[in-house]
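If you want the building blocks of each chain, they are given just below.
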Amino acid sequence: MTQRAKIDTGGGETAGSGPPVVHRPGGLTSAEVAERLARGKVNDVPVRSSRSTTEIVRANVFTRFNAIIGVLWAIMLFVAPIQDSLFGFVIVANTGIGIIQELRAKKTLDGLAVIGEAKPTVRRDGAPTEISTSAIVLGDLIELGPGDKVVVDGEVAEADSLEVDESLLTGEADPVVKKPGDRMMSGSFVVAGGGAFTATKVGREAYAAQLAEEASRFTLVHSELRTGISTILKYVTWMMVPTALGLILSQLFAKSDNVKDAIARTVGGIVPMIPEGLVLLTSVAFAIGVVRLGRKQCLVQELPAIEGLARVDVVCLDKTGTLTEGGMDLTELRPLHDADEAYVRKVLAALGESDPHPNASLQAVIDASPETPVEWRCTASLPFSSARKYSGASFSEGDGENSTWLLGAPDVLLPAGDPTLADIDRLNEQGLRVLLLARTDHDLDEPGLAVGARPTALVVLEQRLRPDAADTLAYFAEQNVVTKVISGDNAVSVGAVAGKLGMAGAEDTVDARTLPTDREEMAKVLDANAVFGRVTPQQKRDMVAALQSRGHTVAMTGDGVNDVLALKDADIGVSMGSGSEATRAVAQIVLLNNSFATLPSVVAEGRRVIGNITRVATLFLTKTVYSVLLAVLVVCSQVEYPFLPRHLTLLSTLTIGVPAFFLALAPNKERARPHFVRRVMRYAIPGGVIAATATFVTYLLARHHYTGPDALAAETSAATLTLFLVSMWVLAIVARPYTWWRLTLVATMGGAFLLVLAVPWLQNFFALKLVGVTMPWTAVAIAAAGCVVLEFVWRWVGRRFPA
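An account of the accompanying structure is given in this report. These numbers were taken from a predicted model, which means no experiment stands behind them.

Okay, unusual backbone geometry next. Cis geometry is adopted by the peptide bond preceding P737, which originates at R736 and carries an omega value of -5°. As for its position among the elements, P737 is in the loop between helix 24 (711-734) and helix 25 (740-758). The residue Q297 is not glycine, and still its phi comes out positive at about 60°. For Q297, a relative accessible area of 30% gives the class partly exposed. Phi at D338 takes a positive value of approximately 60°, unusual for a residue other than glycine. Within the element layout of this structure, D338 appears in the loop between strand 10 (324-335) and helix 11 (341-354).

Here it is in structure tokens:
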């Protein structure tokens, strides 16, 4: 590796702001680091794993609906008893719960982010030291190896066959060869070779930091759940404003004999229109999901990624590091054409010595090789790259002999039809990984380097299967999630590994070099087959795009630099914690325990969130629909609004608030389906219409039945009974399929309402007292009829408008 000193004149410090940046082989001294820290020349860009505490509090407190309810609450505190102000205390409690749960999630995320944070190696006082990204100072000399992410802008100081992928910044897929003096941009990553660069721009001046600040204004993962809820809330607001105005005019001007009571009933009509708990429960469900996954060492870098993985119907797996463990064992060295085995072992040892950043295959060779002969000297090296599928080195052997060797994929180094390939195919069919050692007469920088290479030995490696991979593949098969193995290795070998793990379609293997370039044709091949070998990094990206073009929601897992482009383009990118810095940076989910078996937990958590929020959204929006419709009917009929806020607070708590909290956090394995708004509203609208109609019919009959000064209270009680019973039937439908705890939940809510009706002080507190026999039983009969119609309509909607 070459080393040199160079004064930087193009970046870093500006004139008059301090000494120029100098490239030193030993890096900065402790004194220089301290001086730069004192001047603030440090990479102080915070790790954005979650919202700040201030942002969390602001987002939960300062909402549109909290503002509306806050104003109404303040009014009620002045004009009505405390019972009619209970809805305000409920909102305070809800907001507090939301803040606490999200702060718990933040604490989990921040803790995991520190564990998973990239630790670049810098040279200080002449020694390499691992530090956090935020501790880098201007002028630091940062070492690089394959898979390392360039974390700040800089200038190359040392380069040893250094190749950098800048596609995430420039869009250009081809790696860029870097030489001393070349510019390094943060956000790029090393695909081959190694070296070091001097930091010339740190903190918010760095290119990637500027991009990150721009990107942080947006949610990178699309959340249909949040988008759908926002859409619903927008329509609710449009319905609520004119309805509320009509109700205000109706109650205050048409019935002005008791202004305070009119105000109370007006507020009682407006408050239940707001599905305030729906937003809260969505946030709580996401936050609890993050905490649960955090306990399993799964870092969710973007909250909606939990939802995204639950919608996935195709998972693309990289074999190495996902189905197999990172390490390998050399099981056989098979010399070819009478090659001397002792000499071959010397060559392999020298190749291992020539690469300072060996991959898993070369590390297995190094572990099984003797010491490199002292007289051998490496004169040039070519690091392994996923695009080439081989590495190489040239040696001076000390006896006047010079040689150049290549080590890599046999089917890339040998021409088609070579007899050696037949033996290799038999080894691949056993799931073994085979490398070819070949000698070439070409220089390493020649374009046709592999042409005419002479096979010398086969290096047979055994891959270690992950013990949990088979169960994970079986889980995805049960959940109707299609798995595709996309690997850079030989297709037959990859298929054999997948077959050992019991993967469906493992026998359908495709060599990616035969794949069509047309996206539509490629998509057809991808749909028809399960295992793909010899896939280049660019092809992985193209394959993800082809699957997405067929309407699939695609997750991509990986841990190597060759996976970065595909991870970035996939709907959900999943990286192993031990993977390269680059893969962890672009993935939405990082499995810090490196266990592929954690993925089912993420899928299950997402399905729980989406399925349960869909359930409880039906409850909340049914209430919104019947509240709006009741208000419209009252305005049109010019009668008093039947309910006080305390009545609807009681109903909302028993039929929505408490049940929704338990239902939102319950297990749910139902596969996530699209069209959230349509699936919720197809039940909420008819449910709300039936509840409002039945309630208003009871109210009108009660108005004709009761007379006298206490008639309105009796009418309200009858109407409340009908509305409660119909709402309970909505809850009973939403709670299906029944389990013991769901039946207990529904029964407990019904029992709580009966308790209110039976206990005198609760009757007085909630102003609920059933008068006589005829009207209460009439209210029950109307509710029963409403429940029958509701059951019929619910089933008809399910058949007529399937999700």
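Okay, back to it.
This brings us to empty space enclosed by the protein. Here the structure, examined in full by the defined rule, presents two cavities of 30 Å³ or more. Taken as a whole, the largest cavity holds about 110 Å³ of empty space. S354, D355, S381, L382 and P383 are the residues nearest the centre of the largest cavity, which is lined by 14 residues in total. Those elements giving two or more residues to the lining of the largest cavity turn out to be strand 4 (153-165), strand 7 (189-201), helix 11, strand 11 (377-382) and strand 12 (390-396). Its residues assigned to classes, the lining of the largest cavity shows five nonpolar, seven polar and two charged. If you add up the space inside the second largest cavity, you get close to 60 Å³. Breaking the lining of the second largest cavity down by element, the ones donating at least two residues are helix 21 (599-637), helix 22 (645-664) and helix 24. Ranked by residues supplied to the lining of the second largest cavity, first place goes to helix 21 with four residues. Looking at the lining of the second largest cavity residue by residue, the classes come out as four nonpolar, three polar and one charged.

The end-to-end C-alpha separation of helix 9 (residues 276-295) is 30 Å, in line with the 28 Å expected for 20 residues at 1.5 Å each. Where burial is concerned, most of helix 9 is hidden: 16 out of the 20 residues are buried. Following helix 9 by one or two positions, Q297 adopts a phi angle in the positive range, close to 60°.

What follows concerns helix 27 (residues 774-800). An ideal rise of 1.5 Å per residue puts 39 Å on 27 residues; helix 27 measures up with 38 Å between its terminal C-alpha atoms. Turning to helix 27, its buried residues are M775, P776, A779, I782, A783, G786, C787, L790, E791, V793, W794 and V797. Taken together, the buried residues of helix 27 touch helix 21, helix 23 (676-705) and helix 24.

Moving on, we get to a nonpolar patch on the surface. A cluster of nonpolar residues, L77, F78, I82 and F89, forms a patch on the protein surface that exposes about 450 Å² of accessible area. By secondary structure assignment, the location of F89 is in helix 4 (residues 86-116). Overall, F89 belongs to the partly exposed group, its relative accessible area being 42%.

Turning next to the pattern of salt bridges. The full count for this structure, using the stated rule, is 25 salt bridges. Salt-bridge contacts for R123 lead to E158; the nearest nitrogen and oxygen are separated by 2.8 Å. One end of the pair, R123, is in strand 1 (residues 121-124); the other, E158, is in strand 4, with 35 residues separating them in the sequence. You can call R123 buried: its relative accessible area is 9%. Residue class for E158 comes out buried when judged on its relative accessible area of 1%. With a closest N to O distance of 3.2 Å, D318 and K540 form a salt bridge. Residue D318 is found in the loop between strand 9 (314-317) and strand 10, and its partner K540 is found in helix 18 (residues 537-549); the two are separated by 222 residues along the sequence. Judged on exposure class, the residue D318 and its partner K540 are both buried. Among the charged side chains, a salt-bridge network with shared partners connects D411, D511, R513 and R534.

Conventions and cut-offs
- Residues numbered from 1 in each chain as written.
- Predicted model: local features only at pLDDT ≥ 70, side-chain atom pairs only at ≥ 80, totals over all residues.
- Heavy atoms only, no water.
- Helix = DSSP H or I, 4+ residues; strand = E, 2+ residues; numbered from the N terminus.
- Buried < 20%, exposed > 50% of the residue type's maximum accessible area, 1.4 Å probe, protein only.
- 1 Å grid on protein atoms, 1.4 Å probe; cavity = no way out; pocket = protein on both sides within 12 Å on 5 of 7 lines; lining within 4 Å.
- Points joined across faces, edges and corners; volume = space filled by probe spheres on them.
- Nonpolar A, V, L, I, M, F, W, Y, C, P; charged D, E, K, R; others polar.
- Expected span 1.5 Å × (residues − 1).
- Contact = heavy atoms within 4.5 Å.
- Patch = residues over 30% accessible without salt bridge, like charges linked within 9 Å, V, L, I, M, F, W, Y side chains within 5 Å.
- Areas by Shrake-Rupley, 256 points an atom, 1.4 Å probe, with all protein chains shown as cover.
- Salt bridge = Lys/Arg side-chain N within 4 Å of Asp/Glu carboxyl O.

Such coordinate-based values are descriptive only and should not be taken to indicate function.
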